[in-house]
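Letter by letter, the chains look like this.
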Amino acid sequence: MAREETGSRGDDTMIDAPQFTNSKPEEFFNVHYLRIYYGNLFPYNDIHKWLSYGHDGKHPGCDDYYFGRREFSFTLENDVYLRYKSFKSASALEHAIKSCFPYKIDIGAVYSVDPDKRHAYSQTGTNVFTPVERELVFDIDITDYDDVRYCCSGADVCSKCWPLMTVAIKVIHTSLKEDFGFKHILWVFSGRRGVHCWVCDPKARRMTNEQRSAVAEYFRVYKGNENNARKVALMGYSLHPFLAISYVDFLKGFFEGELQENQSIFSTKDKYDKILELISDEDIQSELREKWEKSANRSSLSEEAISLVRWEQLKNTLQSKKHKAPTLRMCVEEIVFTFTYPRIDLEVSKQMNHLLKAPFCVHPKTGRVCVPIDPNNCDEFDPLAVPTLSQLIEEINSGGSKMDVDDDDDDDDTDTSLLGKSIKFFRSSFLEPLLKSCKEEIENSYKTKIGKSKDSFSW
Amino acid sequence: MEVIRSQKRTPSNDTVSNPKIPLYLTAPPMEVRLEEFELFAVDRLRVLKGVSDGLARGRNPKEMDDLVDTLWKEHMRDPDASVMLNKDIISHFVLRLVYCRSDELKKWFLSMETALFRHRFRLQNFEAQRAIVGEFGLPYKAVTGAELEGLKERLGQVVRSLGQISPTVEAVYYKVPFEEVPDLVASRRVLIQKGYAFVAGSQLVSLVVTQFRSHISKALILTNRKWTTTIQEREKDRLTPIVEALSTSYLGPDYSQSTEYAEISLMDIDQVAKSSFPLCMRHLFEKVREDHHLKHGGRMQLGLFLKGVGLKLDDALAFWRAEFTKKVGSERFDKEYAYSIRHNYGKEGKRTDYTPYACQKIILSAPGAGDHHGCPYRHFSEDNLRAALGRMGLSSRGMEGVMDQVRNKHYQLACTMTFEAVYGTSCDAGINHPNQYFEESQKILKSKTPPAPV
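Residues numbered from 1 in each chain as written. Chains lettered and ligands numbered in written order. Predicted model: local features only at pLDDT ≥ 70, side-chain atom pairs only at ≥ 80, totals over all residues. Heavy atoms only, no water.

## A look at the nonpolar core
Here is step 1: The biggest cluster of nonpolar side chains holds 196 residues, and the ones touching the most others in it are Tyr 37, Trp 50 and Phe 219 of chain A.
Here is step 2: By residue number, the principal contributor to this core is helix 8 (residues 204–234) of chain B, which donates ten residues.
Here is step 3: Here Phe 219 of chain A is in contact with Phe 138, Ile 172, Ser 175, Leu 176, Phe 180, Phe 242, Tyr 341 and Ile 344 of chain A together with Arg 188 of chain B, once residues within four sequence places are set aside.
Here is step 4: The next biggest cluster of nonpolar side chains, apart from the first, holds 57 residues, and it includes Ala 316, Val 328, Val 406 and Phe 438 of chain B. (Core = buried A, V, L, I, M, F, W, Y, C linked by side-chain atoms within 4.5 Å. Buried < 20%, exposed > 50% of the residue type's maximum accessible area, 1.4 Å probe, protein only. Helix = DSSP H or I, 4+ residues; strand = E, 2+ residues; numbered from the N terminus. Contact = heavy atoms within 4.5 Å.)

## Some remarks on the interface of chain A and chain B
Here is step 1: If you look at the interface, chain A gives 39 residues, while chain B gives 37 residues.
Here is step 2: The contact between chain A and chain B buries some 3000 Å² in all, and 53% of this surface belongs to carbon and sulfur atoms.
Here is step 3: In terms of surface lost to chain B, no three residues of chain A exceed Asn 227, Tyr 237 and His 240 of chain A, which account for 21% of the buried area on that side.
Here is step 4: At the boundary of chain A and chain B, one finds two salt bridges. (Buried area = accessible area lost by both parts, 1.4 Å probe. Salt bridge = Lys/Arg side-chain N within 4 Å of Asp/Glu carboxyl O.)

## A closer look at the domain arrangement of chain B
Residues and elements named next belong to chain B.
Here is step 1: Along its sequence, chain B is carved into domain 1 (34–126 + 211–248), domain 2 (135–208) and domain 3 (268–448).
Here is step 2: When each unit is reduced to the centre of its C-alpha atoms, the spacing between domain 1 and domain 2 is 31 Å.
Here is step 3: Listed by partner, the interface residues are seven residues for domain 1 and ten residues for domain 2.
Here is step 4: Carbon and sulfur atoms supply 70% of the area buried between domain 1 and domain 2, which totals about 760 Å² over both sides.
Here is step 5: Across the contact surface, domain 1 and domain 2 share one salt bridge.
Here is step 6: Between domain 1 and domain 2 we count four residue pairs in polar contact (both at pLDDT 80 or more) in total. (Domains from an automatic or database assignment. Polar contact = N/O pair within 3.5 Å; in protein donor to acceptor, adjacent residues only side chain to side chain.)

## Quick notes on the pattern of salt bridges
Here is step 1: Considering all chains together, one arrives at 61 salt bridges over all chains under this definition.
Here is step 2: Linking Lys 194 of chain B and Glu 178 of chain A is a salt bridge whose minimum nitrogen-to-oxygen distance equals 3.5 Å. Of the two residues, Lys 194 of chain B is situated in the loop between strand 5 (191–193) and strand 6 (196–200) and Glu 178 of chain A in helix 5 (residues 163–178); the pairing between them involves two chains.
Here is step 3: Across the salt bridge formed by Glu 400 of chain B and Arg 386 of chain B, the nearest N and O atoms sit 2.9 Å from each other. One end of the pair, Glu 400 of chain B, is in helix 17 (residues 396–407); the other, Arg 386 of chain B, is in helix 16 (residues 382–391), and 14 residues separate them in sequence.
Here is step 4: Given a relative accessible area of 38%, Glu 400 of chain B falls into the partly exposed group.
Here is step 5: When salt bridges that share partners are traced, they join Glu 382, Arg 386, Glu 400, Asp 404 and Arg 407 of chain B into one network.

This is the structure:
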């Protein structure tokens, strides 16, 4: 309620401290808060540095027009959607955002020419408007797991089902690094109920749609919808090494531990029926169903304990009967995969021109900032503890933040603000290694080019 | 390649060193008689059409190998090997002219020629295959010694995951950047480590097919340029009419413009859905009515089908709006869905008038969580399919025939049998497009109803 000066900002907007008792959507997110956020907190320079990939004009091998060929899209307050926006510099980007305070900012591909000049080029011949580079991206949304989570559904997410996202990050991240050899991977909270992944290696950015599709399919295990019962079908006599490592290192432990604790997937008839349907043998289904119906009311164990007992019984039964049919061979694994394996949105990954929300945007429905997630520490990430717009504003008002976002020489670790931690993480574990490697690449390809035309330099 | 009139053909003397399957890298300096120009192309087109049919019917790779072998022998064989090779090369280059002229034609030609190449390659012995790989000049190194030893266990796991009970690893593996073998990556048929895929000798197909496809794709663009800038005009009295006739005769109608049998209005839509829609569209339609929503894949498949069936843009907007607003409200409908409906009708964006999906495309789609599109004969579980067929009025005997086709993965034949059971008549052409099902159905129903009294 106190009207405090935000004098150090030199900004005239003063703002009432938000009241937390009300839960109207406007309290989480409104144009007023957005102005403050984009006026003071959004890390323009970091985003610009990232998307320039080393082309900062400081080396003769730099492409000064690279950043300007990147498509951005803005979604404004009245759902007005503006595509093919492009900017020549960080300040142009900043200026554009500050002139309309978009509700959502998406990042698209780097095109052959400036997106906002695309009409000047015909669609045939050699000068076409076409994407030339784009990060390899993944989108995992917890609503795609609604058939296997019992605590929430739809847009909600809680501490009992969020671990599904954690396990997804671990599986995908490990594979991206170990199998595909990618090094510059950024994971970002989508703001409400999922995660995005940006693979930024040069090799990744230059992948064709067909290659992106191949990687997405490599990751795909769950194939189904309400029209078919057995949605994970693992054929063959063993798992592919990628699936085997995922199972042994992450999925099995998660299924038998945290998942059982949080979801107790065998504790009631409704729940265990769903699992029994995944077993393609009617006799085994009835055998287990009978056993569990009998023991339903007689047990004094907790839900979780009952669940674990039943899981053991199911495993033992399947182990002894798996030779009955090829579809039973890996039924146990299929069940584990159905409940725990990542479900990525294939369409997002397959096409270069697909737009994806920018990191450090704010989600309109929750007011939370889309902050990076540390894949090596993702167990610690709590989606319900992510800074919200109102918390950030409150922090500014109380003068608690010593942060100046645009300060590049932030050598001392005095920035302890809510957002500062995320920005620091973004810089140190993602941006700096990425830029170092980009600059080396620019240097090397420049040297190669020079080397080729060495003769022209001889006097 | 020179096209000449009825003169004795000069024999080509560079066939001796050519591999069994030409790579069509450059147009050879041959002379071709004008009659052969068209005849050779027609024969090859018969082969490509047969390939297209086989793919649409969901034939597995071994079946496709046999099919290609049969088709090739039937249409392209000649007792003289060098004549056969010439026909192969000439017909390919003629068809390039025919199929370079639009995106849709290019896409079809590229898919069919690639499939043809793939299966012809698979039919060759290992030595011949290695020779072809060599022709492409691919720089892949074989993995040997200690490196191979270190990978043996995991390579064995891959082999077992593909259905071979014993983990015997092949003698030769190639280390290839994963980008070069997208189909092997997508189906998890290779071990991948630090960006490299380990491709078995027997999997070479994938490598060469990718190269082949890429080469033909680029070639088609160049051919198109040459066609539009010089050839079309120069040959307007000779080759151009032949080229233009060749493409329209074999692709079949695309149902982008509705015919006299296909014009429906909003009032009739429920009744017509029950009486004339194929199962895939019935299902989608029922789901829209039930859930007042459909995900993107379903909206595209059903929306374009309705367009092909004659539903006008205004009626389409009214239909989707009536259902969706029950769930998302009028404002959201206008903002999020109306645009893409208009887009489908060619009224927004690129203004392409999109064509309704044919069975082949629908069968190959991949419905995921919450989706209802795709081909029920392929994507439904047996129980769900039986229930759906029961609702269409099939007797249990009729159903067995259909389920038999489904078990053998002949999805379009299953749909054809359903059609025949529902309307009590035979459908010799076979169903290969949902709009075709609709039109045939309407033809039958209209011929049964007496004309309205004046």
